[in-house]
Amino acid sequence: MSEMVEVTIDSVRVSLMSPQRLVVLRDTTSDRYLPIWVGPYEAEAITVALQEIEMVRPLTHDLLKNLFTTFNAQIKRVEIVALRENIFYGNIVADADGKIINVDSRPSDAIALAVRAHVPILVDPSVMTDASITPEQDLRSQMPPLPPATAESPRPAAAAPSAPAPSKPTTS
């Protein structure tokens, strides 16, 4: 298996068109981003932990972290291990008395736990290849190419200033 790609949380974004949220993970070694749609409650759990907001009572992910601690298991990392039929699959890796334990998880829950436990988030390289985006390349692919500037066909110089356009349409 190839070496996993370490990512950090770039942002948690709100969709104005649906109740879903978007967690954007950024590759720590390049300008690649992995967008993952999550539910509003999971996004809130991630955001609360990122902002280090203290809650009066533990939230679900705080409880899960406390359970790991109670059973002498140390969370080592969380992983996004697969993408099948547009569904991401996650994994929580813990060490319990020297034994490595893998716990199947939704990526959103694994990320919320990673923020609380201060552990790395890793992504399988095949997932990054299939689902990551690179902003500059994506924008360039949508833009028409500029004509090349050559000595025979220089780019036009700036036009002389013309009369200013009216700021508001006039009515008759």
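The preceding data block contains the structure.
If you're wondering where the values come from, they're calculated on a predicted model, not measured in any experiment.

Caption draft 1: Highlighting the pairing of strand 6 (residues 99-105). Both strand 5 (residues 87-96) and strand 6 contribute to a ladder of 7 bridges, which runs antiparallel. Along strand 6, the bridge assignment pairs Ala96 with Lys99. The antiparallel pairing of strand 5 with strand 6 creates a hairpin that spans 2 residues between the two strands, and Asp97 there sits at a positive phi of about 55 degrees.

Caption draft 2: Seen up close, the environment of Leu113. Topologically, Leu113 is positioned in helix 3 (residues 107-117). Spatially, the C-alpha atom of Leu113 lies 8.7 Å from that of Ala49, the residues being 64 residues apart in sequence. Filtering out sequence-adjacent residues up to four positions away, Leu113 remains in contact with His61, Leu64, Lys65, Phe68, Ile75 and Ile92.

Caption draft 3: Local environment of the pattern of salt bridges. Per the stated rule, a full pass over the model turns up 7 salt bridges. Arg13 is the partner of Asp10 in a salt bridge, and the nearest nitrogen-oxygen pair spans 3.9 Å. Residue Arg13 is classed as partly exposed on the basis of its relative accessible area of 45%. Its salt-bridge partner being Arg116, residue Asp62 comes within 2.7 Å of it at the nearest N-O pair.

Basis of the calculations
Going along each chain's sequence as written, the residues are numbered from 1 onward. At least 70 in pLDDT is required for a residue's local features to be given in this predicted model, at least 80 for side-chain atom pairs to be given and counted, and no such filter applies to totals for whole chains, interfaces and linings, which use all residues. To obtain the side-chain values, all non-hydrogen atoms of the structure were included, while hydrogens and water were left out. DSSP calls a pair of strands paired once it identifies at least 2 bridges connecting them. Under the scheme used here, helices are H or I runs from DSSP no shorter than 4 residues and strands are E runs no shorter than 2 residues, and both carry numbers assigned from the N terminus. Note on contacts: a residue pair is in contact if any heavy atoms of the two residues lie within 4.5 Å. For this document, the term salt bridge refers to a Lys or Arg side-chain nitrogen within 4 Å of an Asp or Glu carboxyl oxygen. For each residue, the accessible area found with a 1.4 Å probe, counting protein chains only, is set against the maximum for its type, and the residue is called buried under 20%, exposed over 50%, and partly exposed in between.

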